[in-house]
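One letter stands for each residue in the lines below.
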Amino acid sequence: MNKRSTGSILDRMAHRVISAATLTRDLGRWRYDEGDAARRPSRPAYLALAESIRLLIHDGRAPLGVALPSERDLAAALEVSRTTVTSAYTLLREHGYLISRQGSRSTVALPPTVTHDGSKPARSILVSMTAAEQPAIDLTYAAMSAPPEMSDAYSVALQGLPIFLGTHGMDPVGVLALREAIARRYTERGLPTEPDQILVTLGAQHGLRLLLNVLTAPAERVLIDHPSYPNAIEAIRDVGARPVPVPLRPEFPAAAWDLDGIRSAARQTAAGTAYLVPDFHNPTGMVMNAEDRAELAAIARETRMTMIIDESMVDQQLDGAAPPPVAAFARGPEIVTIGSASKAFWGGLRVGWIRAGQALITKLLGTRSTVDLGTPVVDQLATVHLLEHADIIRERRCDQLRSRRAALLAALAEELPDWRVLPGAGGMSLWVQLPAPVSTALAATAPNHGVLLAAGPRFGVQGAFERYVRLPYTHEEPDLRLAVKGIAAAFAALTPHVTEPLSPVTCY
């Protein structure tokens, strides 16, 4: 590729720019150690800014390829010197997080991967500048490694592939055998389903995006439970819609969803769509009871709102009995369900589905061709095999998750007894309340102690959840114990500052 073509690509990518106001909002309290020089050396402002922007890049809130605001605009928005911003951008550029060309804005990038296995965990700038390279325990994701049945699944899929080779191989609705298997699973759970009600997608996230394209328009409101899945929040924003948070109450497991709040928010905002995760909610692990599910479906009918119910975590039931699907309480098309094989089996298996009425399926098929032309046939056939063995796989993996959850809870009780743990009935993570609003600061410091964390605000809107952090229990137990020791050390480094009350704001 010649220089001209490379430049034109960068120019096209740079058409999208993060505004200074947006970046300032997402950065939050980036100078968390400001005013604490008497107790511990304060990080240089440029280093704190660079590290905070790096976290936004890894969290996906500063997307790859977009341009950052100009140094002058960001300096004005943050009320710092332009030298501070220039130095931060320079440091990010040196570590591969920014790409710059003369006369153009700096665009977001990721540094190259350079380890023996072809991957490298996201490292803190502080770590790369001050410590030797060593493997970090990555708690930014909640996913398990593939089950032993995965190899057999692909072997069986390859054996069944020849009958599809005489076709063009592009089926936007999905292979019939897979749709039949998915429909059968719904029926077994108490929700009679026909294959024609299933649309196979490239994962639950892809299914959500297809639904948002059909059900929403720019500036429309979409209700979400709060906290929520970060990529869902970004998908809502990417289609131009506005997420409207309705707070969860994880301290009340039997009534975590504020149904009156959902009803009121739907009426006040005229939201036509909602995205909710009532099955072992990510990140809290909460599950909605059957009575509330019936009420939720009634709210959808009363307010004429389409509710997208994410069942990605439905197979990670660790405690209690499984309630019926929310769609079992629907009387019409008001409840749409999305599911995924990624959490149940393996994150690398990009197969998901939408369960909806045939009218909506037809609309989705009419727009899907503008996004993609179907889900890979081999992956679909592999998923058929896995669904045939789903009960055995689920039982084994849930046993592993229970054991790992217990190990994580024990480690937290020993190392961080002041942290308030809110264990849910399932899922893959704990939602933990910190003694002080320092989640972003903790995520910035933790890599120095060998742990990568997703800051609490990643799971909310408008800077919420600085007092929370999500801790997945998908790693092996020794790694979880080691990770908690690292988190405790990182938190101890912050404690002298964060235990002080915030200074009052001076008005002029």
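Residues numbered from 1 in each chain as written. Predicted model: local features only at pLDDT ≥ 70, side-chain atom pairs only at ≥ 80, totals over all residues. Heavy atoms only, no water.

**Q** How would you summarise the overall build of the protein chain if you had to cite specific residues and measurements?
**A** Across its full length, the protein chain carries 17 helices and 14 strands. Per-residue burial over the protein chain gives 52% buried out of 508 residues. Restricting the contact set of the protein chain to residue pairs at least 6 apart, pairs at least 24 apart contribute 75%. Accessible area of the protein chain: about 22600 Å², with a carbon and sulfur share of 54%. (Helix = DSSP H or I, 4+ residues; strand = E, 2+ residues; numbered from the N terminus. Buried < 20%, exposed > 50% of the residue type's maximum accessible area, 1.4 Å probe, protein only. Contact = heavy atoms within 4.5 Å. Areas by Shrake-Rupley, 256 points an atom, 1.4 Å probe, with all protein chains shown as cover.)

**Q** Please provide a residue-by-residue account of the packing of helix α8 (residues 176–188) against helix α14 (residues 377–388), values included.
**A** Packing of α8 against α14 brings their axes to within 9 Å, and their N-to-C directions diverge by 35°. You can see that α8 and α14 cross each other, and the crossing is left-handed. Two secondary-structure elements touch here, α8 through A177, L178, A181, I182 and R185 and α14 through Q380, T383, V384 and L387. Residue classes in the contact of α8 with α14 are distributed as six nonpolar, two polar and one charged. (Axes fitted to C-alpha atoms, helices over the stretch in contact; angles between N-to-C directions. Left-handed = near helix turned anticlockwise from the far one by under 90°. Nonpolar A, V, L, I, M, F, W, Y, C, P; charged D, E, K, R; others polar.)

**Q** So what's going on with the side chain of D138? Residues and values would help.
**A** Tracing the backbone through its elements, the reader meets D138 in strand β3 (residues 137–139). The buried charged residue D138 lacks any salt bridge, with R458 as its nearest oppositely charged partner at 7.7 Å. At 2.4 Å, the side chain of D138 and the side chain of T140 are in polar contact. Those residues within four positions of D138 in sequence are excluded, and the remaining contacts are L452 and H475. (Lys, Arg positive; Asp, Glu negative; His and termini not counted. Salt bridge = Lys/Arg side-chain N within 4 Å of Asp/Glu carboxyl O. Polar contact = N/O pair within 3.5 Å; in protein donor to acceptor, adjacent residues only side chain to side chain.)

**Q** Go over the sheet that holds strand β6 (residues 242–247) with me, naming the residues and quoting the values.
**A** Within the open sheet, the seven strands sit side by side as β4-β10-β9-β8-β7-β5-β6. Their pairing is mixed. With partners counted over all chains shown, the strands left at the sheet margins are β4 (198–201) and β6, one partner each. Averaged over all adjacent pairs, the angle separating strand axes in this sheet is 20°, with direction ignored. In the sheet, strand β5 (residues 221–226) pairs with strand β7 (residues 273–276) via three bridges, with the strands oriented parallel. Paired with I224 across the two strands is Y275, which belongs to β7. (Pairing = 2+ DSSP bridges.)

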